[in-house]
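# Fold and geometry: a report
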Amino acid sequence: MTITIYHNPACGTSRNTLAMIRQSGEEPVVIEYLKTPPSRATLKDLIAAMGVPVRAVLREKGTPYEELGLGDEKWSDEDLLDFMIAHPILINRPIVVTDKGVRLCRPSERVLDLLPNAQIGAFTKEDGEVVTDAEGRRVG
């Protein structure tokens, strides 16, 4: 199975998601989307595959969201896509693509539903939150 992660190494959620993928025994294709942004068509396809509104993929924190006035409902989906292409930091992350689907993995443990081997053993996030116990059962 090919796994692709649209990753930002400065993001803890993205790092935790990547670590869970690797702990499952898979080595994903890692796309640092701030360095190599997806094309408009790819971004549109990812959002469609997730089955979510374009707004659901917009990141507010640490982005020009407020200064661009993106909370205003006047912006169409096409406009929002244009903004995300112009400012890739507006694309929320991490987005993971596998044969099982495409998902924005916030929180990071959402990736477990996409992995061929979700039994990753014990996993604790960087912030100390326990995700799975030694038997691979989800905690919490």
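Preceding this section is the structure that the text describes.
In this report, we go over the structure that sits alongside the text. (Residues numbered from 1 in each chain as written. Predicted model: local features only at pLDDT ≥ 70, side-chain atom pairs only at ≥ 80, totals over all residues. Heavy atoms only, no water.)

## Focus on helix 1 (residues 12–23)
Over its 12 residues, helix 1 extends 16 Å from the first C-alpha to the last, a length consistent with the 16 Å expected when each residue adds 1.5 Å. Of the positions making up helix 1, those classed as buried are T13, S14, N16, T17, L18, M20 and I21. The secondary structure elements touched by the buried residues of helix 1 are strand 1 (4–7), strand 2 (29–32), strand 3 (95–98), strand 5 (123–124) and strand 6 (130–132). Of the residues one or two after helix 1, G25 is the one with positive phi, at around 100°. (Helix = DSSP H or I, 4+ residues; strand = E, 2+ residues; numbered from the N terminus. Expected span 1.5 Å × (residues − 1). Buried < 20%, exposed > 50% of the residue type's maximum accessible area, 1.4 Å probe, protein only. Contact = heavy atoms within 4.5 Å.)

## Considering the packing of helix 2 (residues 40–50) against helix 3 (residues 77–86)
The contact between helix 2 and helix 3 brings their axes to 10 Å, and the two run at 120°. Classified by the angle their axes make, helix 2 and helix 3 are oblique. In the packing of helix 2 onto helix 3, the handedness of the crossing is right-handed. On helix 3, the residues that touch R40, L43, K44 and I47 of helix 2 are E78, L81, D82, M84 and I85. Here the residues of the contact of helix 2 with helix 3 are counted per class, giving five nonpolar, no polar and four charged. (Axes fitted to C-alpha atoms, helices over the stretch in contact; angles between N-to-C directions. Parallel < 35°, antiparallel > 145°, perpendicular 65-115°, else oblique. Left-handed = near helix turned anticlockwise from the far one by under 90°. Nonpolar A, V, L, I, M, F, W, Y, C, P; charged D, E, K, R; others polar.)

## Details of the sheet that holds strand 1
The mixed open sheet is built from four strands, whose spatial order is 2-1-3-4. In this open sheet, the two strands that pair with only one neighbour each are strand 2 and strand 4 (101–104). For this sheet, the mean angle separating the axes of adjacent strands, direction not counted, is 15°. The sheet contact formed by strand 3 and strand 4 spans four bridges and is antiparallel. Among the inter-strand pairings, V97 is bridged to a residue of strand 4, identified as V102. (Pairing = 2+ DSSP bridges.)

In short, shape yes, function no, at least from these values alone.
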